[in-house]
Amino acid sequence: MSQVFPTLSAHPDRNFPPKEDGLILITGSNGFIGAKVVENLLERGITRLRCFVRPSSQLDRLSRVLAKFPGSARVEIMSGDLLSRSSCEKAVEGVTTIYHLAAGFEKSFAGAYMNSALATRNLIEAFLTSGVSPKASRFVNVSSFAVYSNLELRRGGVMDENCPLEQAHQERFDPYGFGKLKQEEIVRHYGAEQNLPFVILRPGAVFGPGKKDLSGRIGFGTFGFFIQVGGGHLVPLSYVDNCAEAIVLAGITPGVDGETFNVVDDELLTARQFYRAYRRTVKPKFSLWIPYGLAYYFSVMWEKYSKWSKGQLPPVFNRRRCVAEWKKKRFSNQKLHDGLGWTPRVGSKEAMMCFLAQYER
């Protein structure tokens with residue numbers, strides 16, 4: 001089930017600094033994952049941080065994190081727009097390492113491309129021309145499992161970093177995944193053409209307190225019902241603290257430039273197991289179960305009608321989405337263990353308890 005990646009160091013130094021007392025930039029630092037990354041860095045005693053946020057951002061999460069650490073007085077909060085080159089130039093001034101978590105969640109492909117890909121290009125170009133030696137720096141790009149295509153992966157097969165990427169996000173009707181794929185392409189381009197030291201992380205379904213919405217891999221709400229497809233498939237869960245641990249290690253571990261890591265927990269639940277635990281706490285009124293085979297057939301018919309109607313009915317359901325989210329498969333995080341020395345901070349039982357506790361407040 002697990003694949004070994006012998007080219008990576010089996011025992012990296014977990015406390016290796018990106019550069020002695022270097023300034024670290026975190027974009028999306030007030031986000032669900034970003035605030036945890038800031039917290040993880042501060043726990044390690046890394047306090048020279050610049051937290052980049054959108055001008056319209058509410059800083060509740062970030063403020064709560066900073067309030068926990070007396071040493072956070074050195075942390076700088078900067079607001080700006082990554083689509084502005086001048087904002088990017090100010091953001092990277094004096095920076096040696098970037099954790100890039102800011103992402104666009106627009107529902108249009110143009111918006112997703114602009115806020116994921118073009119924003120990343122602006123940030124990288126500013127970083128490479130900032131006067132800081134690229135040899136002493138790293139660009140950590142946080143991508144997503146949404147870049148993968150499972151269309152040809154056999155049922156029950158193993159998904160790892162070698163699996164093919166989706167090349168038809170328009171057919172999958174997934175602007176977010178499209179934006180993330182183009183973002184990765186830009187990062188790799190600058191890595192090859194301008195020697196940008198980078199690491200790419202692809203988290204699975206990140207969950208935890210502060211995020212009440214369930215992943216579409218567990219089910220989706222529509223017409224007043226919560227619909228679960230199949231249910232026997234594993235969900236690539238990543239508890240938010242465990243995800244942040246992996247992201248931070250990607251910036252401080254030597255010898256991993258140019259590598260890509262999938263981020264999923266060790267102990268995974270099926271969609272049915274997750275939803276049953278959720279139902280015991282939340283007690284939703286209406287839910288419906290659909291067999292995977294029926295869902296696949298329905299997705300094919302929906303997709304065909306959408307094409308026949310020339311998009312009058314958007315292809316919200318289609319076979320690419322169906323196999324990506326609900327087809328049975330296994331997930332390997334062996335490279336994450338071997339390459340970054342990662343171990344989950346929080347086990348699956350404790351993670352579920354913390355996640356469900358937010359509904360009881």
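Residues numbered from 1 in each chain as written. Predicted model: local features only at pLDDT ≥ 70, side-chain atom pairs only at ≥ 80, totals over all residues. Heavy atoms only, no water.

Trainee: Would you explain the sheet that holds strand β12 (residues 260-263) in this entry?
Mentor: Paired through their backbone hydrogen bonds, the strands of a sheet run either parallel or antiparallel. Judged by pairing direction, the sheet is parallel, and its seven strands sit side by side in the order β3-β2-β1-β4-β5-β7-β12 without closing on themselves. Taken across any chain shown, the strands that pair with only one partner, and hence form the sheet edges, are β3 (76-79) and β12. Ignoring strand direction, the axes of neighbouring strands in this sheet form an average angle of 20 degrees. Direction of pairing for strand β2 (residues 49-53) relative to β3: parallel, over a ladder of four bridges. Counted as the bridge partner of Cys51 is Ile77 from β3. Packing of helix α4 (residues 109-128) onto the sheet brings it into contact with β1 (23-27), β4 (95-100) and β5 (138-142), and relative to β4 it is tilted by some 170 degrees. Along the sheet, helix α6 (residues 175-194) contacts β4, β5, β7 (198-203) and β12; its crossing angle with β7, the most-contacted strand, is approximately 160 degrees. (Pairing = 2+ DSSP bridges. Helix = DSSP H or I, 4+ residues; strand = E, 2+ residues; numbered from the N terminus. Axes fitted to C-alpha atoms, helices over the stretch in contact; angles between N-to-C directions. Contact = heavy atoms within 4.5 Å.)

Trainee: Just checking my understanding: could you explain a nonpolar patch on the surface for this structure?
Mentor: Taken together, the side chains of Phe223, Phe225, Phe286 and Leu288 define a hydrophobic patch exposed on the protein surface, amounting to about 480 Å² of accessible area. When you line up the elements, Phe225 lands in strand β10 (residues 225-229). Judged by its relative accessible area of 40%, Phe225 is partly exposed. (Patch = residues over 30% accessible without salt bridge, like charges linked within 9 Å, V, L, I, M, F, W, Y side chains within 5 Å. Areas by Shrake-Rupley, 256 points an atom, 1.4 Å probe, with all protein chains shown as cover. Salt bridge = Lys/Arg side-chain N within 4 Å of Asp/Glu carboxyl O. Buried < 20%, exposed > 50% of the residue type's maximum accessible area, 1.4 Å probe, protein only.)

Trainee: Teacher, can you tell me more about helix α12 (residues 348-357) here?
Mentor: Two residues of an α-helix separated by three or four positions point the same way, owing to the 3.6 residues in each turn. By the burial criterion, the buried members of α12 are Ala351, Met352, Phe355 and Leu356. For α12, the angular spread of buried residues about the axis comes to 125 degrees, placing them on one side. In α12, the exposed positions angled more than 90 degrees off the buried face are occupied by Lys349 and Met353. Structurally, α12 contributes buried residues whose contacts are with β8 (205-207), β11 (237-239) and α8 (271-282). (Arc of directions from axis to C-beta.)

Trainee: Is there a simple way to explain the pattern of salt bridges in this structure?
Mentor: A pair can form between side chains of opposite charge whenever their charged atoms are brought close. Summed over the entire model, instances satisfying the criterion amount to 19 salt bridges. In this structure, Arg345 engages Glu43 in a salt bridge whose closest nitrogen and oxygen atoms are separated by 2.6 Å. Within this pair, whereas Arg345 is found in the loop between α11 (334-340) and α12, its partner Glu43 is found in helix α1 (residues 34-43), the two being separated by 302 residues in sequence. The residue Arg44 makes a salt bridge to Glu245 at a minimum N-O spacing of 3.2 Å. Placement of the pair is Arg44 in the loop between α1 and β2 and Glu245 in helix α7 (residues 240-252), with a sequence separation of 201 residues.

Trainee: I'm lost on the nonpolar core in this one. Help?
Mentor: One finds Val37, Tyr99 and Ile247 to be the most contacted residues of the largest nonpolar core, which totals 40 residues. For this core, the element with the most residues is α7, which contributes nine residues. In this structure, Tyr99 is in contact with Ile24, Leu25, Ile26, Thr27, Val37, Leu41, Val140, Ile247, Val248, Gly251 and Ile252, ignoring residues within four places of it in sequence. By size, the runner-up hydrophobic cluster in this structure holds 29 residues, among which are Leu214, Phe226, Phe331 and Leu356. (Core = buried A, V, L, I, M, F, W, Y, C linked by side-chain atoms within 4.5 Å.)

Trainee: Just checking my understanding: could you explain the packing of α1 against helix α2 (residues 60-67) for this structure?
Mentor: When two helices pack together, their arrangement is given by the angle between their axes and by how far apart the axes lie. For the pair α1 and α2, the least separation of the axes is 9 Å and the interaxial angle reads 15 degrees. The angle between α1 and α2 falls in the class roughly parallel. In the packing of α1 onto α2, the handedness of the crossing is right-handed. For the pair formed by α1 and α2, the contact residues are Ala35, Val38, Glu39 and Leu42 on the first element and Arg61, Leu62, Val65 and Leu66 on the second. (Parallel < 35°, antiparallel > 145°, perpendicular 65-115°, else oblique. Left-handed = near helix turned anticlockwise from the far one by under 90°.)

Trainee: Please clarify how the confidence of the model for the protein should be interpreted in this entry.
Mentor: Fine structural detail should not be taken from predicted coordinates in areas where pLDDT scores are low. This prediction gives the protein a mean pLDDT of 89; 92% of its residues lie at or above 70. Confidence over residues 1-20 falls short of pLDDT 50; this stretch has 51 contacts with residues more than four positions distant or in other chains. (pLDDT = per-residue confidence, 0-100.)

Trainee: How should the side chain of Glu166 be read in this particular structure?
Mentor: Among the secondary structure elements, Glu166 is positioned in the loop between β6 (158-159) and α5 (169-172). Overall, the relative accessible area of 2% leaves Glu166 in the buried class. Side-chain polar atoms of Glu166 contact the backbone nitrogen of Ala168, separated by 3.0 Å. Side-chain polar atoms of Glu166 contact the side chain of Arg172, separated by 3.2 Å. Ignoring sequence-local partners within four residues, the contact set of Glu166 consists of Val147, Tyr148, Ser149, Arg172, Leu181 and Arg320. (Polar contact = N/O pair within 3.5 Å; in protein donor to acceptor, adjacent residues only side chain to side chain.)

Trainee: Please clarify how the packing of aromatic side chains should be interpreted in this entry.
Mentor: Each aromatic ring pair is summarised here by two numbers: the centre-to-centre distance and the angle between the ring planes. If you walk through the whole model with that rule in mind, you get 21 aromatic pairs. Here Phe127 and Phe139 contribute two aromatic rings whose centre-to-centre distance is 6.5 Å and whose plane-to-plane angle is 45 degrees, an arrangement assigned as tilted. A residue pair is termed long-range when its members are at least 10 positions apart, and Phe127 in helix α4 and Phe139 in strand β5 qualify at twelve residues. Residue Phe127 is classed as buried on the basis of its relative accessible area, which comes to 3%. We classify Phe139 as buried; its relative accessible area is 0%. Between Trp302 and Phe317, the aromatic rings sit 5.0 Å apart at their centres with planes inclined by 75 degrees, giving edge-to-face as the arrangement. With a gap of 15 residues between them, Trp302 in helix α9 (residues 292-308) and Phe317 in the loop between α9 and α10 (319-326) connect regions that are remote in the sequence. (Phe/Tyr/Trp six-rings, centres within 6.5 Å; stacked < 30°, edge-to-face > 60°.)

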